[in-house]
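# Structural overview for review
One letter stands for each residue in the lines below.
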Amino acid sequence: MDKRAQELGEIKKEMEREDDALYAIKNKIRHLEDVEEDIHQARREMDDILYHMKEVWLGEHAEHTFWQIEDEVNHYNRKTACMTNDIQTELNNEQKKHRQNLHALETKQQDITKEMRL
């Protein structure tokens, strides 16, 4: 009986660690969402600047320079989007793993508790 009680205590501690990990992931996801919002705002500001630059710059050479800058900005935007998507996917996978671990621990805890009652 003491062995089972000790096992339940260990399971409880492990469940707390999994809960802490899930909480940390939720915070990371919130932070990522804040970063994505900041990136979105920065993109809008860059688009405004590029639009005004296009209006100010006249001539064929200036227009070529504008298109070159715009291509670089678009490349940066795609790269940033890929990075945030990769981070989001990684966090979601990590969150899923911890939820599965937590579920397995809860099931084990219930089984031991039932066994102790018998």
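Each remark here, short or long, concerns the structure printed above.
Below, the structure is looked at part by part. The structure presented is a predicted model; accordingly, all values stated were derived computationally and were not measured.

Quick notes on the rules
Numbers given to residues run from 1 along each chain, matching the order in which its sequence is written. Two thresholds apply to this predicted model, a pLDDT of at least 70 for residue-level local features and 80 or more for giving and counting side-chain atom pairs, whereas whole-chain, interface and lining totals are computed over all residues. Heavy atoms throughout the structure, all of them, feed into the side-chain values; hydrogens and water do not. Any residue with relative accessible area above 30% and no salt bridge may belong to a patch, with like charges joined within 9 Å and the nonpolar Val, Leu, Ile, Met, Phe, Trp and Tyr side chains within 5 Å. Note on areas: these come from Shrake-Rupley sampling with a 1.4 Å probe, and a residue is covered only by the protein chains present in the view. Criterion for a salt bridge: a side-chain nitrogen of Lys or Arg within 4 Å of a carboxyl oxygen of Asp or Glu. Residues counted as positive are Lys and Arg, residues counted as negative are Asp and Glu, and His and the chain ends are not counted. For this purpose, a charge sits on NZ of Lys, CZ of Arg, CG of Asp or CD of Glu. Elements are defined by DSSP. Helices are runs of H or I of four residues or more, strands are runs of E of two residues or more, and each kind is numbered from the N terminus. For every residue, the accessible area (1.4 Å probe, protein chains only) is compared with the maximum for its type, and the residue is labelled buried under 20%, exposed over 50%, or partly exposed between those bounds. In plain words, nonpolar cores are sets of buried Ala, Val, Leu, Ile, Met, Phe, Trp, Tyr and Cys residues tied together by side-chain atoms within 4.5 Å. Note on definitions: a residue-residue contact is assigned when non-hydrogen atoms from the two residues lie within 4.5 Å.

### Quick notes on a negative patch on the surface
Taken together, the side chains of Glu16, Asp19, Asp20 and Glu106 define an acidic patch exposed on the protein surface. With three residues, helix 1 (residues 2–56) is the single largest residue contributor to the negative patch. You can see Glu16 is positioned in helix 1. On the basis of relative accessibility, which here comes to 42%, the residue Glu16 falls in the partly exposed class.

### Digging into the nonpolar core
Core analysis: the largest hydrophobic core is formed by seven residues, namely Leu8, Ile11, Met15, Leu22, Leu102, Leu105 and Ile112. Residue assignment for this core shows that the elements contributing at least two residues are helix 1 and helix 2 (60–117). Tallying contributions element by element places helix 1 first for this core, with four residues.

### Description of the pattern of salt bridges
Across all of its chains, the model carries three salt bridges by this definition. Glu115 is the salt-bridge partner of Arg4, the closest N and O atoms lying 2.6 Å from each other. One end of the pair, Arg4, is in helix 1; the other, Glu115, is in helix 2, with 111 residues separating them in the sequence. Between Glu7 and Lys108 there is a salt bridge, and its shortest N-O distance comes to 3.8 Å.

### Thoughts on the side chain of Thr80
By secondary structure assignment, the location of Thr80 is in helix 2. Aside from chain neighbours lying at most four places away, what touches Thr80 is Ile39 and Arg43.

### Regarding the environment of Asn85
Position of Asn85 among the secondary structure elements: in helix 2. Sequence separation between Asn85 and Lys114 is 29 residues, and the spatial gap between their C-alpha atoms is 43 Å.

All quantities given are derived from atomic positions and should not be read as evidence of function.
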